[in-house]
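# Analysis of the macromolecular model
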Amino acid sequence: MIAVSIGNGSGDGAGSERGLEYDTMSGKYAEFVEAEVLPLVEKQYNVKLTKDPEGRATTGGSSGGSAAFAMAWYHPSLPSRSHYSGTYVNNQWPTDPKIPHGGWELHEKLIPTVPRSRCASG
């Protein structure tokens, strides 16, 4: 088992690097991890990470929990298992008019609009 931990860019809330990296409700963070972080880990540590979503997971607490949830929500084919204890509030930066309430949107609007089977799987 290999755990990859990524330090956030610090700060908190709107206008912070952490708000951009961890609290933005989109697939961008998962795409960054997949395209840049994991290949770097493989290269620097001479390991081969699985591409099988059944062999991958994402986790986090507070804003990291929001990031973990967003990774699994927007790209469920990357990590099929997720565990998180997030701060689901509007800390995203910059504000996205399509998701104006940030992490609050997950339980306010996004989760209620999908079939129960998607939320219960994994």
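Look up a bit, the structure's there.
Attention here is on the structure that accompanies the text.

Thresholds applied
- Every chain is numbered on its own, with residues counted from 1 as its sequence reads.
- Thresholds applied to this predicted model are a pLDDT of at least 70 for local features of residues and 80 or more for the giving and counting of side-chain atom pairs; totals over whole chains, interfaces and linings are not thresholded and use all residues.
- Remark: hydrogens and water are excluded; side-chain values derive from all non-hydrogen atoms of the structure.
- A run of DSSP states H or I qualifies as a helix once it reaches four residues; a run of E qualifies as a strand once it reaches two. Both are numbered from the N-terminal end.
- Our radius of gyration looks at C-alpha atoms and nothing else; its globule reference is 2.2 Å times the residue count to the power 0.38.
- Exposure classes here rest on a 1.4 Å probe applied to the protein chains alone. A residue is buried below 20% of its type maximum, exposed above 50%, and partly exposed in between.
- Any pair of residues with heavy atoms lying within 4.5 Å of one another is described as a contacting pair.
- Reported accessibility uses the Shrake-Rupley method at a 1.4 Å probe radius. Residues are deemed covered only where the shown protein chains occlude them.
- Counted charges follow a simple rule, with Lys and Arg positive, Asp and Glu negative, and His plus the chain ends left uncounted.
- By convention, the point assigned to a charge is CZ for Arg, NZ for Lys, CD for Glu and CG for Asp.
- Polar contacts, as counted here, are pairs of nitrogen or oxygen atoms within 3.5 Å of one another; within protein the pair requires one atom able to donate a hydrogen and one able to accept it, and residues that are adjacent in sequence qualify only if both atoms are side-chain atoms.
- Expected span of a helix, by definition, is 1.5 Å for each gap between consecutive residues, and there is one gap fewer than residues.
- One axis fitted to the seven residues ending at a residue, another fitted to the seven starting there: the angle between these axes is the bend at that residue.

What follows deals with the overall build of the chain. Along the chain, the regular secondary structure elements total 5 helices and 2 strands. The C-alpha radius of gyration of the chain comes to 14 Å, within 12% of the 14 Å expected for a compact globule of 122 residues. Once the C-alpha set of the chain is aligned to its principal axes, its extents read approximately 40 × 35 × 20 Å. Among the 122 residues that make up the chain, the fraction classed as buried is 35%. Residue pairs in contact within the chain that sit at least 24 positions apart in sequence constitute 54% of those at least 6 positions apart. Accessible surface computed for the chain: about 7400 Å², of which carbon and sulfur atoms make up 56%. Here the chain contributes 11 positively and 13 negatively charged side chains, and the mean placements of these two sets differ by 5 Å.

What follows is about the side chain of Glu-42. Mapped onto the elements of the fold, Glu-42 is located in helix α2 (residues 28-45). Among all residues touching Glu-42, those that are not within four sequence positions of it are Val-47, Lys-48 and Leu-49.

Let's shift gears to unusual backbone geometry. Glycine aside, the phi torsion of most residues is negative, and most peptide linkages are trans. For Asn-46, which is not a glycine, the phi torsion comes out positive at approximately 50 degrees. One can find Asn-46 in the loop between α2 and β1 (57-62). For Asn-46, a relative accessible area of 72% puts it in the exposed group. Phi is positive for Ser-62, which is not a glycine, with a value near 60 degrees.

The next thing to look at is the side chain of Ser-26. Within the element layout of this structure, Ser-26 appears in the loop between α1 (17-21) and α2. Among the polar contacts listed, one links the side chain of Ser-26 to the backbone nitrogen of Lys-28, at a separation of 3.2 Å. Setting aside residues no more than four positions away along its own chain, Ser-26 makes contact with Ala-70 and Tyr-74.

End to end, α2 covers 25 Å across 18 residues, agreeing with the expected 26 Å (1.5 Å per residue, within 8%). Along α2, the helix axis deviates most sharply at Glu-34, where the bend reaches about 35 degrees. Looking at α2, one finds that the buried residues are Tyr-29, Ala-30, Val-33, Glu-34, Val-37, Leu-38, Val-41 and Glu-42. In this fold, the buried residues of α2 make contact with α1 and α3 (63-74). Following α2 by one or two positions, Asn-46 has its phi on the positive side, about 50 degrees.

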